[in-house]
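Overview (structure and organization)
Here are the chains, one letter per residue:
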Amino acid sequence: RRTMPPHRRASSPLPSARARTVAVVIALACVARAAPVARAYSSRAGSCEHAAVSHGPEGPTAGAGAYALRLGAPGVNVPGATVAVELRGARAFKGFLIRPVRADTDEALGAWGAAMPTGATTHGECPMFATHTSWHQRGVTSTVMPWIVPTLAKGETVRFEVTVVESYSRWFSFETTFMSGASEGAGDASVMFDPERAPAVDGEARAPDGSRAETGRFGGGNGGGGLAPGSGGVKADAAAEETLSNARFVHGVLMGLAWLIVSPGASLLARYGRRFDQWWFKAHLNAQCAAVALTALSAYLIIHVRGWEKPWGPHGRYGMMVLVVGAIQIYGGFSRKSIPRPAFKIWHRVLGVGTGALAAYNCNIGANMLARMEGMDPSSVANGAPRIVKLLVLVILGTGVMLERQRRVAFGRLKSVKSMV
């Protein structure tokens, strides 16, 4: 009967390294699943419903705040006329949804003109309503949009239901009504378009006084790609919108480089490259330092451009977790000689695997966000971002499996040679 050595008979109170790795990965997955998902839409309102903002508090801030909606002359009294609808505030707003409906039935009324100004568009799911485009990241104080008056009976009331977002944690909802055939429905003559701008779409109905919707570079009926209008139009900064778009691409490329190429390569080198390179540890440590540095730089870039006051969603929170744990790993690498070797070996591997898994998952989230925000053009490279991330993850996993098999075969051969000797 074979007897076990005393140190082998006593069971260790700690689980194995593999068990700890699995536990950390499961814990991170649970955190990811449990975290509340905050829906934020950069290119339009997230809902066609009035006062249905899906971020910030559960309900709107009381009252209309510093915002108001005005209708240009001749108001709702001339069917087929294109009148100016102005949303203006004493403070900048970053998003809106305007719903013109019949007051007694909530039926959508009228139509928005094709020549929508920069930063405004019709909603893709409910084209009878107007909403914002991605310019709201910086905010504007006013926008003037063309609305075509429907045929109304005398005494019928049009209700404009307005939801306006001042920030991601503060928004308002209010209503403004206009009665057809009454003086209150005649609109305000001071609300008008830029008279120097000519129409871009032939055959569109115009107001009798000659008011016209401003024009520029129109992207069809969505109004998402025009030039910033002059006085009376949207005070949007087209350069800021382009800067934000570029920042998203740079952020995504840097994060993908850090956590889908540099960091996985450093991990594979540490496990499988020791017998090929005596400087493997320095290469491993320097590469992981570069990955963490790229993460910090990329995070600072996107937060600085999009605004420090904007709350973080799950993508931002996961990214911060990856950055913090990555920094802890770097600190452990520099101070490894002061840590007991068995403990360092276990926890360094556990945290490394967990951080890499969470980083890859977060890269996938970011790629899908990039495709949604920047992929409105079918030819945009942003549409391929999710597929690129998935391909890189498969390459990492496939390379790891292949190298692990080769490692096991090599150890098996070495063990058989030693047993023969």
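Residues numbered from 1 in each chain as written. Predicted model: local features only at pLDDT ≥ 70, side-chain atom pairs only at ≥ 80, totals over all residues. Heavy atoms only, no water.

Things to note about the overall build of the chain
Secondary structure assignment for the chain yields seven helices and nine strands. The buried share of the chain, reckoned over its 421 residues, is 41%. (Helix = DSSP H or I, 4+ residues; strand = E, 2+ residues; numbered from the N terminus. Buried < 20%, exposed > 50% of the residue type's maximum accessible area, 1.4 Å probe, protein only.)

As for the nonpolar core
One finds I98, W147 and F160 to be the most contacted residues of the largest nonpolar core, which totals 28 residues. Elements with a contribution of two residues or more to this core: β1 (67-71), β2 (82-93), β3 (95-102), β7 (140-148), β8 (157-167) and β9 (170-179). Within the second largest apolar cluster, 19 residues are counted, among which are W259, L260, A291 and A385. (Core = buried A, V, L, I, M, F, W, Y, C linked by side-chain atoms within 4.5 Å.)

Here's the deal with unusual backbone geometry
For the bond running from A73 to P74, omega is 5°, close enough to zero to count as cis. Despite not being glycine, D106 has its phi angle at roughly 65°, a positive value. Here D106 is to be found in the loop between β3 and β4 (111-112).

Points about the sheet that holds strand β6 (residues 130-132)
Here five strands make up an open sheet; going across it, the order is β5-β6-β3-β8-β9 and the pairing antiparallel. Unpaired on one side and paired on the other, β5 (120-122) and β9 mark the two borders of the sheet. Along the sheet, successive strands turn relative to each other by an average axial angle of 20°, direction set aside. (Pairing = 2+ DSSP bridges. Axes fitted to C-alpha atoms, helices over the stretch in contact; angles between N-to-C directions.)

Concerning the packing of aromatic side chains
Here the structure, examined in full by the defined rule, presents seven aromatic pairs. Geometrically, the ring pair formed by F93 and F96 is edge-to-face, given 6.3 Å between the ring centres and 80° between the ring planes. When the centroid spacing of 5.8 Å and the interplanar angle of 85° are considered together, the rings of F160 and F178 count as edge-to-face. Separated by 18 residues along the polypeptide, F160 in strand β8 and F178 in strand β9 bring together distant segments of the chain. Note on accessibility: F160 and F178 belong to one class, buried. (Phe/Tyr/Trp six-rings, centres within 6.5 Å; stacked < 30°, edge-to-face > 60°.)

Here we look at the packing of helix α4 (residues 280-306) against helix α5 (residues 314-334)
Where α4 contacts α5, the two axes come as close as 10 Å, and the packing angle between them is 150°. Accordingly, the angle class assigned to the pair α4 and α5 is roughly antiparallel. In this structure, the crossing between α4 and α5 has a hand that is left-handed. On the side of α4, the interface is formed by F281, L285, Q288, C289, V292, T295 and A296, while α5 contributes L323, G326, A327, I330, G333 and F334. (Parallel < 35°, antiparallel > 145°, perpendicular 65-115°, else oblique. Left-handed = near helix turned anticlockwise from the far one by under 90°. Contact = heavy atoms within 4.5 Å.)

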